[in-house]
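What follows is each chain in one-letter form.
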2 protein chains.
Amino acid sequence: MTLPDRSREDGPSIVPVSLGDRSYSILIGAGLLGSAGTYADLPRAGACVIVSNETVAPLFVEALRRALGSLYERIHVVLLPDGEAHKDWPTLQRIFDSMLAEGCDRSTVVFALGGGVIGDIAGFAAACYMRGVPCVQIPTTLLAQVDSSVGGKTAINHPLGKNMIGAFHQPRKVIVDVATLQSLPERELRAGIAEVIKYGAVWDDAFLDWIESHMAQLLSRQTSALIQVVKRSCEIKAGVVGADEREGGLRAILNFGHTFGHAIETGLGYGTWLHGEAVGCGMVMAADLSLRLGFIDSEHVARLTRVIRSAGLPTQPPALGTERYLGLMRADKKAVAGHMRFVLLDRPGHAAVHAVAAPQVIETLERFAADA
Amino acid sequence: MTLPDRSREDGPSIVPVSLGDRSYSILIGAGLLGSAGTYADLPRAGACVIVSNETVAPLFVEALRRALGSLYERIHVVLLPDGEAHKDWPTLQRIFDSMLAEGCDRSTVVFALGGGVIGDIAGFAAACYMRGVPCVQIPTTLLAQVDSSVGGKTAINHPLGKNMIGAFHQPRKVIVDVATLQSLPERELRAGIAEVIKYGAVWDDAFLDWIESHMAQLLSRQTSALIQVVKRSCEIKAGVVGADEREGGLRAILNFGHTFGHAIETGLGYGTWLHGEAVGCGMVMAADLSLRLGFIDSEHVARLTRVIRSAGLPTQPPALGTERYLGLMRADKKAVAGHMRFVLLDRPGHAAVHAVAAPQVIETLERFAADA
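A brief report on the enclosed structure follows. (Residues numbered from 1 in each chain as written. Chains lettered and ligands numbered in written order. Predicted model: local features only at pLDDT ≥ 70, side-chain atom pairs only at ≥ 80, totals over all residues. Heavy atoms only, no water.)

Quick look at the interface of chain A and chain B
At step 1: Listed by partner, the interface residues are 35 residues for chain A and 34 residues for chain B.
At step 2: Summing the contributions of chain A and of chain B, the shared interface buries around 2900 Å²; its carbon and sulfur component is 60%.
At step 3: In this structure, the connection of chain A to chain B is made through 2 salt bridges.
At step 4: One salt bridge in this structure joins B:Arg106 and A:Glu247, with 3.3 Å as the shortest N-O distance.
At step 5: Put simply, the parts of the chain that give the side of chain A that touches chain B at least two residues each are helix H2 (89-101), helix H3 (116-128), strand S7 (153-158) and strand S8 (161-168) of chain A.
At step 6: Residue composition of the side of chain A that touches chain B, grouped by class: 20 nonpolar, 6 polar and 9 charged. (Contact = heavy atoms within 4.5 Å. Buried area = accessible area lost by both parts, 1.4 Å probe. Salt bridge = Lys/Arg side-chain N within 4 Å of Asp/Glu carboxyl O. Helix = DSSP H or I, 4+ residues; strand = E, 2+ residues; numbered from the N terminus. Nonpolar A, V, L, I, M, F, W, Y, C, P; charged D, E, K, R; others polar.)

Some thoughts on the pairing of strand S5 (residues 109-114) of chain A
Each regular strand shows side chains that alternate between the opposite faces of the sheet.
All names here are of chain A.
At step 1: The element S5 is extensively covered by neighbouring structure, given that 6 of its 6 residues are classed as buried.
At step 2: Looking at chain direction, strand S3 (residues 47-53) and S5 are connected through 4 bridges and run parallel. By the bridge assignment, Cys 48 is partnered in S5 with Val 109.
At step 3: Running through H3, the crossover from S5 to the neighbouring parallel element strand S6 (residues 135-139) is right-handed. (Buried < 20%, exposed > 50% of the residue type's maximum accessible area, 1.4 Å probe, protein only. Pairing = 2+ DSSP bridges. Right-handed = clockwise from strand over helix to strand, strands pointing away.)

Notes on the packing of aromatic side chains
At step 1: If you walk through the whole model with that rule in mind, you get 11 aromatic pairs over all chains.
At step 2: Considering the side-chain rings of A:Trp89 and B:Trp89, the 3.4 Å spacing of their centres and the 0° angle between planes classify their relative orientation as stacked. Of this pair, A:Trp89 sits in helix H2 while B:Trp89 sits in helix H2 (residues 89-101), on two different chains. Take A:Trp89 and B:Trp89: they sit in the same class, and that class is buried.
At step 3: Both rings, one in A:Phe207 and one in A:Trp210, keep their centres 6.3 Å apart while their planes meet at 25°; by these two values the pair is stacked. Of this pair, A:Phe207 and A:Trp210 are both found in helix H6 (residues 205-213), 3 residues apart, which corresponds to roughly one turn of the helix. Taken as a pair, A:Phe207 and A:Trp210 share a single burial class, namely buried.
At step 4: The residue whose ring lies beneath A:Lys198 is A:Tyr199, and the NZ or CZ to ring-centre distance is 4.8 Å.
At step 5: When the ring centre of B:Phe368 is taken as origin, the NZ or CZ atom of B:Arg367, which lies over that ring, is 4.4 Å away. (Phe/Tyr/Trp six-rings, centres within 6.5 Å; stacked < 30°, edge-to-face > 60°. Lys NZ or Arg CZ within 6 Å of the ring centre and 35° of its normal.)

Regarding the relation of the copies chain A and chain B
At step 1: You can overlay chain A on chain B at an RMSD of 0.0 Å; the transform is a turn of 180° with a shift of 0.0 Å along its axis. The operation mapping one copy onto its partner corresponds to a two-fold rotation axis.
At step 2: Counting the interface residues of chain A, we find that 97% of their copies in chain B are interface residues as well, pointing to one common contact surface. (Least-squares fit on C-alpha atoms with pLDDT ≥ 70 in both.)

Looking at the sheet that holds strand S3 (residues 47-53) of chain B
Residue and element names in this part refer to chain B.
At step 1: Pairing within the open sheet is mixed, and its 7 strands lie in the order S1-S2-S9-S6-S5-S3-S4. Taken across any chain shown, the strands that pair with only one partner, and hence form the sheet edges, are strand S1 (13-17) and strand S4 (74-80). Across the sheet, the mean angle from the axis of one strand to that of its neighbour is 15°, orientation sign disregarded.
At step 2: Looking at chain direction, strand S2 (residues 24-29) and strand S9 (residues 173-177) are connected through 5 bridges and run parallel. (Axes fitted to C-alpha atoms, helices over the stretch in contact; angles between N-to-C directions.)

Some thoughts on helix H8 (residues 223-243) of chain A
At step 1: Between the first and last C-alpha of H8(A) there are 30 Å, a value that for 21 residues agrees with the 30 Å anticipated at 1.5 Å per step.
At step 2: Most of H8(A) sits inside the fold, with 15 of its 21 residues counted as buried. (Expected span 1.5 Å × (residues − 1).)

Here's the deal with the sheet that holds strand S1 (residues 13-17) of chain A
Residue and element names in this part refer to chain A.
At step 1: Across the sheet, 7 strands lie side by side as S1-S2-S9-S6-S5-S3-S4; this open sheet has mixed pairing. Of all strands in the sheet, those with a lone pairing partner are S1 and strand S4 (74-80), marking the two edges. Taken pair by pair, the neighbouring strands of this sheet meet at an average axis angle of 15°, ignoring direction.
At step 2: The sheet strands contacting helix H1 (residues 57-68) are S3, S4, S5 and S6, and the helix crosses S3 at an angle near 165°.

Describing unusual backbone geometry
At step 1: Residue A:Arg131 is not a glycine yet carries a positive backbone phi of 65°.
At step 2: On the basis of relative accessible area, A:Arg131 is assigned to the buried category, the value being 6%.
At step 3: If you check the backbone angles, B:Asn163 has positive phi at about 55° while not being a glycine.
At step 4: Turning to its location among the elements, B:Asn163 is positioned in strand S8 (residues 161-168).

Here's the deal with the pattern of salt bridges
A side chain of one charge can pair with a side chain of the opposite charge if their charged atoms are brought near each other.
At step 1: For the structure on display, the rule yields 48 salt bridges over all chains.
At step 2: Among the salt bridges present, the one from A:Glu84 reaches A:Lys87, with a minimum N-O distance of 3.9 Å.
At step 3: Exposure remark for A:Glu84: the relative accessible area of 16% places this residue in the buried category.
At step 4: Residue classification places A:Lys87 among the buried positions, given a relative accessible area of 2%.
At step 5: Among the salt bridges present, the one from B:Arg292 reaches B:Glu363, with a minimum N-O distance of 3.4 Å. Remark: B:Glu363 occurs in helix H13 (residues 358-367) and B:Arg292 occurs in helix H10 (residues 275-292); sequence separation between them is 71 residues.
At step 6: We classify B:Arg292 as partly exposed; its relative accessible area is 31%.
At step 7: Among the residues examined, B:Glu363 registers a relative accessible area of 41% and is labelled partly exposed.
At step 8: What you see here is one network of salt bridges that share partners, running through A:Glu84, A:Lys87, A:Asp120, A:Lys162 and A:Glu265.

Some words on the side chain of A:Glu84
At step 1: Note on placement: A:Glu84 falls in the loop between S4 and H2.
At step 2: The residues touching A:Glu84, leaving out its near neighbours within four places in the chain, are A:Val117, A:Asn157, A:Lys162 and A:Tyr270.

A word on the side chain of A:His169
Residue and element names in this part refer to chain A.
At step 1: Secondary-structure assignment places His 169 in the loop between S8 and strand S9 (173-177).
At step 2: Residue classification places His 169 among the buried positions, given a relative accessible area of 16%.
At step 3: In terms of polar contacts, His 169 uses its side chain to reach the backbone carbonyl oxygen of Val 133, at 2.9 Å.
At step 4: The contacts of His 169, once residues within four sequence positions are left out, are Gly 123, Ala 126, Ala 127, Gly 132, Val 133, Cys 135, Gly 152 and Thr 154. (Polar contact = N/O pair within 3.5 Å; in protein donor to acceptor, adjacent residues only side chain to side chain.)

Thoughts on the pairing of S7(A)
Residues and elements named next belong to chain A.
At step 1: Most of S7 sits out of view: 6 of its 6 residues are buried.
At step 2: In this sheet, S8 lies alongside S7 in antiparallel orientation, the contact comprising 5 bridges. Opposite Ile 156, over in S8, you have Ile 165 as the bridge partner.
At step 3: The turn joining S7 and S8, which pair antiparallel and follow one another in sequence, is formed by 2 residues.

Here we look at the environment of A:Val78
Residue and element names in this part refer to chain A.
At step 1: Secondary-structure assignment places Val 78 in strand S4.
At step 2: Counting along the chain gives 44 residues from Val 78 to Ala 122, while the straight-line C-alpha distance between them is 9.8 Å.
At step 3: Filtering out sequence-adjacent residues up to four positions away, Val 78 remains in contact with Val 49, Ile 50, Val 51, Ser 52, Arg 94, Ile 95 and Ser 98.

Overview of the nonpolar core
All names here are of chain B.
At step 1: In terms of nonpolar packing, the biggest core is built from 77 residues, with Ile 197, Ile 211, Met 329 and Val 361 touching the most fellow members.
At step 2: If you tally residues by element for this core, the top one is helix H8 (residues 223-243), at 10 residues.
At step 3: The residues touching Val 361, leaving out its near neighbours within four places in the chain, are Phe 260, Leu 289, Leu 326, Met 329, Met 340, Phe 342 and Val 356. (Core = buried A, V, L, I, M, F, W, Y, C linked by side-chain atoms within 4.5 Å.)

So, the packing of helix H5 (residues 186-203) of chain B against H8(B)
Residues and elements named next belong to chain B.
At step 1: At their nearest, the axes of H5 and H8 sit 10 Å apart, and the two run at 50° to each other. In terms of orientation, H5 lies oblique with respect to H8. H8 is crossed by H5, and the crossing has left-handed handedness. Residue-level inspection shows Val 196, Tyr 199 and Trp 203 of H5 in contact with H8, the latter providing Val 229, Arg 232, Ser 233, Ile 236, Lys 237 and Val 240. (Parallel < 35°, antiparallel > 145°, perpendicular 65-115°, else oblique. Left-handed = near helix turned anticlockwise from the far one by under 90°.)

Next up, the structure:
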């Protein structure tokens, strides 16, 4: 893979997502958020709604509001509390309440301004409000920029499971302004890099090399490195989603590290570990399981673990106890008829879904001293 | 239109709904519900869920459970309270809670057994559970059989409006067993006939004639008349939905009578008038408005009113006050940028959506002494 090292693009990079009449573009650049031109081709309407949270809004909402001012007569802002703990029904209901109180109709455009939680909940609100209104994703975390804002998955959590209630609702456009990453807390930047590493692991071994050799530039938030890494990640995600929108098969490989990761998140309580941290550690565990099944060698496990560690991500899971891990993983959305299903590495840069029997999963859990 | 007057079909009638990879069939007959063969071509899964209510379940749930017994290892029944007042989030949440507690996965099939409320809420649950699981509609009211079970519209109500939160989620199959209508309360049968009359009014003037001349057989629940009327209604609905799944244009004509009707329902509080009663009266009002705009003559208004009255449906709206009606109709989902939109009759058997200015709407409201 060649990733040209231009320090500045002439215009934004555009990654198309091809989904028939639901196709859209991902715009990637620095300084896009506050530019009216970014939004010029969006559907017109009397009103739009900016959904954001109390952390992100003070940083970007005024710039967005100014940029949208010439396009929408009425701009409503719905501010939600920050955090995964609020990705729930009462918070979703606040969006519906505001939209109905403000007289929003079927043409109203919803802008999701924030990280993955905002994208998921605002996207789900757009999916359900009057059975669907247009949505534009403006992700402001690296994790949302490379993953959750692309592909149309929206959801809220249920007390019995993460992302259990949701919809596929493709956005009209995704606007990735890497300038928003300059204010991102260090820990969230590192968590976002976990998903970037995932793309290398499951799809593009050369990209994994590139990530490893550019980790310093990524961690120091060099604009050109951020643009390159977001662009390549989005290209991979767009390709996979375009081939399998509703996760009938291929798309599931993007859940590499997520079965262990979700168990960690749910087991500790949402928000104790960041999603990307749990996925980072989950990838190390899934790589170990891939090794145990004879798909990859220990050298590749060591390399992947090294890259994850170099991003400052945890590689040792919390000691929840083997039984608790198994119970959580059997309740995973990917589980079918009680069988645990894992995305495993077949070879460097390639992954597939496998049903795995409990004894082998237990070996991996014990290897990491995950027992309580 | 010719409607052969066979008293018994050899097998069920099949009306196809053509929606590409979301196509499905409507099966219409007497005695289908309890026959295992009815379900033979449905997706297999470890579990299925029957969603019903406390009124319908005692009548049909055991027959359905027996018929499904050879197809699904686990059959869970979720019983909801009866009535439009419960088409809300807490009731929807009960379905999610049960499905998660029972370990339902992405392959679980949801059977909606009941009237329009059950179809809407169970359909919406299926649309959102793990971002979508298969749904089969088994409508047990005439209204649901000819209207809400076909076309994929699902929703719950919001305190500020009916059906405001929902999704388009096409069923895998619709099973219409007209034998279920034998136990339907008289008032609900009549309410269902309102939607049947609607199809004649907006699409097929000869069908309107047929309905008028067969009203006695319909009201006495003659099986062959019921099969004929459901079949022709479903054919019309399937044709309209196939041409315009997401209500971009044509499908909106099926809302004839609904703008006034929803205002009546919301204004009185859900459940005071049945949906079909409100729609029946709303059609009389919409016909009057069509006349005022010069689209149809007074003779056609009188004929439509006569048919609606012969079904035992109300033709005089409640006196909510003109201002209240206008406020309710401006909040209707069909309203765009505050303009009221009505489905109006252009000529017998034909309808289209029109934006109408307040003064003409007020004339209609005053004609019916709808002022408080």
